[in-house]
Each structure stands twice: as structure tokens, then as C-alpha cells.
Amino acid sequence: MTNKSLIIASARALVENTLGSEPSGHDFEHVARVVHNAKTIAATYPETEVDYFVVELAAWLHDIDDRKIEYVGNHITVQQFFASVELEHATRIAITNIIETMSFHHQVAGAVVTSLEGQIVQDADRLDAMGFIGVARAFAYGGSKKRPMVETIRHFDEKLFKLVALFNTPKGKELAQIRHTELVQFYQRYLAENIY
Ligand code: ADP
Ligand code: NI
């Protein structure tokens, strides 16, 4: 195994240990799907344009420090992880910048994801808030905060329907269209069946 694949394996193990049973939809499977989406989008660019390693490692680490997550294990931060592996300074900076700027919350606060690697991981994360998986995650999140379903339905209007317009990459935009349609489909059926 090369050093890079050892570092990826170590990040994956960290996510398994810290987010394995996270109850609000920021669990191991979420992160693994984001890695998969990120690699799919990155593959539409040549290796000369995108650092695939930065994309994959940032995707594995993107939710480790998230403020919304109620940690079930020991809370290990990205900086502690960096201290445990051999990584070039520039790579650490690139990944830290991505993680600190990519969330919807940070974007609303004015943060901009400048690197292409960051834009790819941001698209990959947003895709997982959409489609039928996105529906499931929204209700898992609301339930974990003990919110009534009607509040999660409001979240569709407030945030989820806006995501489709915020994608950075051509591949991300293409995948987002399909998942946006699924969100709308669910929402309309929910309203149609929610008769009392
Ligand atoms: P970001 O970190 O990019 O701001 P979030 O962590 O807020 O994104 O969103 C991640 C997941 O949590 C998404 O699936 C989203 O729908 C869900 N989520 C976040 N806030 C709420 C909410 N108020 N109600 C329901 N789901 C939510
Ligand atoms: Ni995420």
C-alpha cells in the first residue's frame, strides 16, 4: 500500500469509529456516499486539473468536526488526525480550507469554496441532502432533534429546494437535477397524502 492509501484507510477507520452510529444522518454511510459522489465528479476532470487525493481525503474528513453532530464516540478533530499521519503542509491547508468553507451554513455566512477540489466535495455533500436519501436524512435529522415532521417539511422549502441552483460542477449539476425532481416528487406526494 502506498502512503496515500494508508492515510485514506486511516481516515475511513476514523469515520467508522466516530460516526458509525451517528443518529442525525451524518453517519458512516453518509460520508462513504459523499466519497463515492466526489470520486465520480472528480473523474470528469483530468488528473492534471484535480488532486484526487485531496478530494477523497477531504470527503472522508468533512463531517468529523461538524458542530451539528452529537458525537457518540471520542471526538477526534481533523487537526488531531493530521498530527497522526504524514501529510504535506500544503495538503493539510487545502483540506482544512475545504472543510471550513463548504457547508450551506458557511456559505450563507459568506464563505466561498475557492479550490476545484472543494467545489467537488461540496457538490458531493449536497447531492446526499437531495433525492430519496436526502428525504430520509432530513427526517432522521429532525427526529434526532425531537422535531415534529411538519418542521422537517418546512426544511424542504427553506433549504433543500434551493440546493439545485448552488452546484459548482457540470457533473454535479447533472446529478442534482435528478435528485431535485425526486425531492419535489416526495414533497408533492406527502402533501397530497397528508389530509386530515
Ligand atoms: P451543511 O453542513 O452543508 O450546512 P447540513 O449538515 O445542515 O448541511 O445538512 C446535512 C443534512 O442534515 C441534510 O440532509 C439536511 O437536510 C439535514 N438537515 C439540516 N438541517 C435540518 C433541519 N433543520 N431539518 C431537517 N433536516 C436538516
Ligand atoms: Ni456531510
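Relevant structure appears above.
Remember, predicted model here, so these are calculated numbers, not experimental data.

Considering helix α7 (residues 116-127)
Item 1. The terminal C-alpha atoms of α7, which comprises 12 residues, lie 17 Å apart, in line with the 16 Å expected from a rise of 1.5 Å per residue.
Item 2. Most of α7 sits out of view: 10 of its 12 residues are buried.
Item 3. Here α7 has its buried residues at E117, G118, I120, V121, Q122, D123, A124, D125, R126 and L127.
Item 4. Buried-residue contacts for α7 involve α2 (28-42), α3 (52-61), α5 (89-101), α6 (104-108) and α10 (170-193).

Some points on the pattern of salt bridges
Item 1. Throughout the structure, instances matching the rule amount to 7 salt bridges.
Item 2. Linking R33 and D128 is a salt bridge whose minimum nitrogen-to-oxygen distance equals 2.7 Å. Pair noted here: R33 is in helix α2 and D128 is in the loop between α7 and α8 (131-144), with a separation of 95 residues, a long-range link.
Item 3. The class of R33 is partly exposed, set by a relative accessible area of 23%.
Item 4. Residue classification places D128 among the buried residues on the basis of a relative accessible area of 1%.

A word on the coordination of the nickel ion (ligand 2)
Item 1. Within the first shell, the nickel ion (ligand 2) binds the protein through H30 (NE2), H62 (NE2), D63 (OD) and D125 (OD), at distances of 2.1 to 2.3 Å.
Item 2. What the 4 donor atoms of the nickel ion (ligand 2) show is an angle range of 85 to 172° at the metal, which sorts the shape as irregular.
Item 3. Site description for the nickel ion (ligand 2): donor spacing in sequence, H-x31-H-D-x61-D. Remark: H62 occurs in the loop between α3 and α4 (78-84) and H30 occurs in helix α2; sequence separation between them is 32 residues. As far as burial versus exposure is concerned, H30 and H62 are alike and both buried.

A closer look at the nonpolar core
Item 1. Core analysis: the largest hydrophobic core is formed by 54 residues, its most contacted members being L57, W60, L61, F81, I95, I120 and F156.
Item 2. Considering each element in turn, this core owes the most residues, 8 residues, to α3.
Item 3. Beyond its immediate sequence surroundings of up to four residues, L61 is in contact with A11, L14, V78, F81, F82, I95 and I99.

Observations regarding unusual backbone geometry
Item 1. Look at K146: it is not a glycine, yet its phi comes out positive at around 60°.
Item 2. Of note, K146 is situated in the loop between α8 and α9 (149-158).

So, how was this worked out
Residues numbered from 1 in each chain as written. Chains lettered and ligands numbered in written order. Predicted model: local features only at pLDDT ≥ 70, side-chain atom pairs only at ≥ 80, totals over all residues. Heavy atoms only, no water. Helix = DSSP H or I, 4+ residues; strand = E, 2+ residues; numbered from the N terminus. Expected span 1.5 Å × (residues − 1). Buried < 20%, exposed > 50% of the residue type's maximum accessible area, 1.4 Å probe, protein only. Contact = heavy atoms within 4.5 Å. Salt bridge = Lys/Arg side-chain N within 4 Å of Asp/Glu carboxyl O. Donors = N, O, S within 2.8 Å, 3.2 Å for Na, K, Ca; no water. Tetrahedral: all angles 85-135°; square planar, octahedral: opposite > 155°, others 65-115°. Core = buried A, V, L, I, M, F, W, Y, C linked by side-chain atoms within 4.5 Å.

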